[in-house]
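Residues per chain, in single letters:
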Amino acid sequence: MQDSRQHDGLRPTGLPSPPVVPATFFGMVLGLGGLGNGWRTAARVWDAPALPGEALSLAAGSVWFFWIVLYGWKWAMSREEALAELRHPIQAFFIALVPVATMIAATAVSPYIPAIAWAMFVLGITCQIGFSTWVVGELWQGGRHTDATTPTLYMPTVGGSFVSAIACGSFGHPEAGLLFFGAGFLSLVVLESIVLHRLMIHTLPVSLRATMGLHLATPAVGSVAYLAVTNGPPDRFGQMLFGYALLQALVMLRLVPWLRQQPFSPAAWAYTFGVSALPLAALRFVERGQTGPIPLLAIPLFIGANLIIGWVALQTVRLAFMGKLLPRR
């Protein structure tokens, strides 16, 4: 009887085992929250309807809560799976999504539950610093194989620091946000050559190509971060950083046939981080009085982000209805 229960996914009590949620699932919060921020900014800049932005922001907060409960359950009841993820040379870097998603969710729900949002902000910042320090310390000890060098390297110090800067700006601490922006930008400069060297020399396996979404995200999120911790008319540096983000977007479009060799899975949410950040940055430029080509690009970028993230969301819902979304032991 005990063996049969183990084989059919039942716990000894006869209850089904809870899903073992990977850290990558927190990428859904980044896409929904980023698009929600885009709609909120569009409501201010273009008088767009406010409802989509609030609905997406609340969805981001709800999804974060759902995944954080299941992720905590994994650490409490499935410790071996959680430790295996932490020790994995590639998957471990996705754990940075947990504090990053917490900060994104904090900014999303702050108009509704400010005290709880503030606590989430502090918790996310603290965990991001702690995890980034730990994982970089691991990297500096060497022994890493070339195959483990992927765009996931950006997540802790680049993505984590940029989102920390955005959160600091949103919660009224731009001076602290500048420190995080500096950490993220210089980490991007250092890691970019390492990741690009690997991509040029060794082909990225099909199963890891969704991680290229993180390569797109870095300059786009960096542009949003820079605007979040500065004020006044956008300066030249911010515009140049956004220009590099546009270049990354064009290269990603050229790579679509290559990227689509990987079948759809929740990993596709990695693309939504940068896809949502591009129009958000453009809208923030317009909000700050930017002229020239950026205001013209804001409209197609915003439309494109809604189409792409909407498609990813629909495909994810389809997997959920088919019972193929949540992994089980």
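Residues numbered from 1 in each chain as written. Predicted model: local features only at pLDDT ≥ 70, side-chain atom pairs only at ≥ 80, totals over all residues. Heavy atoms only, no water.

- In the annotation of an unreviewed UniProt entry, the protein chain is listed under the name Dicarboxylate transporter/tellurite-resistance protein TehA and assigned to Microvirga terrae.
- In the Subcellular location (unreviewed entry) part of its UniProt record, the protein chain is described as follows: "Membrane". (UniProt positions renumbered as here; feature names shortened; annotations may be inferred.)

1. Quick word on the overall build of the protein chain
Here is step 1 of the chain: Of the regular secondary structure elements, the protein chain holds 13 helices and zero strands.
Here is step 2 of the chain: Against the 2.2 N^0.38 benchmark of 20 Å for 329 residues, the protein chain shows a C-alpha radius of gyration of 20 Å, consistent with a compact globule.
Here is step 3 of the chain: Taking the principal axes of the C-alpha coordinates as reference, the protein chain spans close to 70 × 45 × 40 Å.
Here is step 4 of the chain: By residue count, 50% of the 329 residues in the protein chain fall in the buried class.
Here is step 5 of the chain: Here the analysis covers contacts within the protein chain between residues at least 6 apart in sequence; of these, 78% occur between residues at least 24 apart.
Here is step 6 of the chain: If you sum the accessible surface of the protein chain, you get close to 15,500 Å²; carbon and sulfur atoms cover 69% of it.
Here is step 7 of the chain: In the protein chain, 19 side chains carry a positive charge and 13 a negative one; their mean positions are 6 Å apart. (Helix = DSSP H or I, 4+ residues; strand = E, 2+ residues; numbered from the N terminus. Rg over C-alpha atoms; globule rule 2.2 N^0.38 Å. Buried < 20%, exposed > 50% of the residue type's maximum accessible area, 1.4 Å probe, protein only. Contact = heavy atoms within 4.5 Å. Areas by Shrake-Rupley, 256 points an atom, 1.4 Å probe, with all protein chains shown as cover. Lys, Arg positive; Asp, Glu negative; His and termini not counted. Charge placed at Lys NZ, Arg CZ, Asp CG, Glu CD.)

2. Notes on the nonpolar core
In globular proteins that are soluble, nonpolar side chains generally tend to be buried together.
Here is step 1 of the chain: Ranked by size, the top nonpolar core spans 99 residues in total, and within it F26, V29, L30, V221, F242 and L278 carry the most contacts.
Here is step 2 of the chain: Sorting elements by how many residues they give to this core places helix α12 (residues 269-287) first, with 11 residues.
Here is step 3 of the chain: Filtering out sequence-adjacent residues up to four positions away, L30 remains in contact with L97, V100, A101, I104, F273 and S276. (Core = buried A, V, L, I, M, F, W, Y, C linked by side-chain atoms within 4.5 Å.)

3. Side note on the pattern of salt bridges
Here is step 1 of the chain: Evaluated as defined, the whole model comprises three salt bridges.
Here is step 2 of the chain: The partner of E54 in a salt bridge is R40, with the nearest N and O atoms 3.0 Å apart. Residue E54 is found in helix α3 (residues 51-77), and its partner R40 is found in helix α2 (residues 27-45); the two are separated by 14 residues along the sequence.
Here is step 3 of the chain: Residue E54 is classed as partly exposed on the basis of its relative accessible area, which comes to 21%.
Here is step 4 of the chain: R44 is paired through a salt bridge with E287; the nearest N and O atoms lie 2.6 Å apart. On the criterion of sequence distance, the pair formed by R44 in helix α2 and E287 in helix α12 is long-range, its members being 243 residues apart.
Here is step 5 of the chain: With relative accessibility at 49%, the residue R44 sits in the partly exposed group. (Salt bridge = Lys/Arg side-chain N within 4 Å of Asp/Glu carboxyl O.)

4. Things to note about the environment of L97
Here is step 1 of the chain: Of note, L97 is situated in helix α5 (residues 97-109).
Here is step 2 of the chain: Looking at L97, the relative accessible area reads 5%, which means it is buried.
Here is step 3 of the chain: When the C-alpha positions of L97 and G124 are compared, they lie 10.0 Å apart, and in sequence the two are 27 residues distant.
Here is step 4 of the chain: Residues within four places of L97 in sequence aside, it is in contact with A23, T24, F26, G27, L30 and M155.

5. Some words on the packing of α2 against helix α13 (residues 293-321)
Here is step 1 of the chain: Direction vectors running N to C along α2 and α13 enclose 145°, while the axes themselves pass 11 Å from each other. The chirality of how α2 crosses α13 is left-handed. Between α2 and α13, the residues in contact are M28, G31, L35, G38, W39 and A42 and F302, A305, N306, I309 and T316, respectively. (Axes fitted to C-alpha atoms, helices over the stretch in contact; angles between N-to-C directions. Left-handed = near helix turned anticlockwise from the far one by under 90°.)

6. Focus: unusual backbone geometry
Here is step 1 of the chain: One non-glycine residue, D47, adopts positive backbone phi at about 60°.
Here is step 2 of the chain: By secondary structure assignment, the location of D47 is in the loop between α2 and α3.
Here is step 3 of the chain: The class for D47 is exposed, based on a relative accessible area of 69%.

7. Section: the side chain of Q128
Here is step 1 of the chain: Residue position: Q128 is located in helix α6 (residues 114-139).
Here is step 2 of the chain: Within the structure, Q128 has its side chain in polar contact with the side chain of S164 (distance 3.0 Å). (Polar contact = N/O pair within 3.5 Å; in protein donor to acceptor, adjacent residues only side chain to side chain.)

8. Things to note about a nonpolar patch on the surface
Here is step 1 of the chain: On the surface, W46, I299, I303 and L307 cluster together to form a nonpolar patch covering roughly 400 Å² of accessible area.
Here is step 2 of the chain: Here W46 lies in the loop between α2 and α3. (Patch = residues over 30% accessible without salt bridge, like charges linked within 9 Å, V, L, I, M, F, W, Y side chains within 5 Å.)

9. Side note on the packing of aromatic side chains
The description of two aromatic rings rests on the distance between their centres and on the angle between their planes.
Here is step 1 of the chain: As enumerated under the stated definition, the model contains 17 aromatic pairs in all.
Here is step 2 of the chain: Between F131 and W134, the ring centres sit 6.1 Å apart and the planes meet at 35°, which makes this aromatic pair tilted. Residue F131 and its partner W134 are both found in helix α6; the two are separated by three residues, about one turn of the helix.
Here is step 3 of the chain: Of the residues examined, F131 reaches a relative accessible area of 12% and is grouped as buried. (Phe/Tyr/Trp six-rings, centres within 6.5 Å; stacked < 30°, edge-to-face > 60°.)

10. Describing the confidence of the model for the protein chain
Atomic detail in the predicted coordinates should be set aside for any region of low pLDDT.
Here is step 1 of the chain: Here the protein chain shows a mean pLDDT of 93. Residues at 70 or above account for 94%.
Here is step 2 of the chain: When mean pLDDT is taken per element in the protein chain, α5 scores highest with 98 and helix α1 (residues 2-7) scores lowest with 42.
Here is step 3 of the chain: Here residues 1-13 is a poorly scored stretch, pLDDT under 50, and it has 14 contacts once near neighbours within four places are set aside; other chains count. (pLDDT = per-residue confidence, 0-100.)

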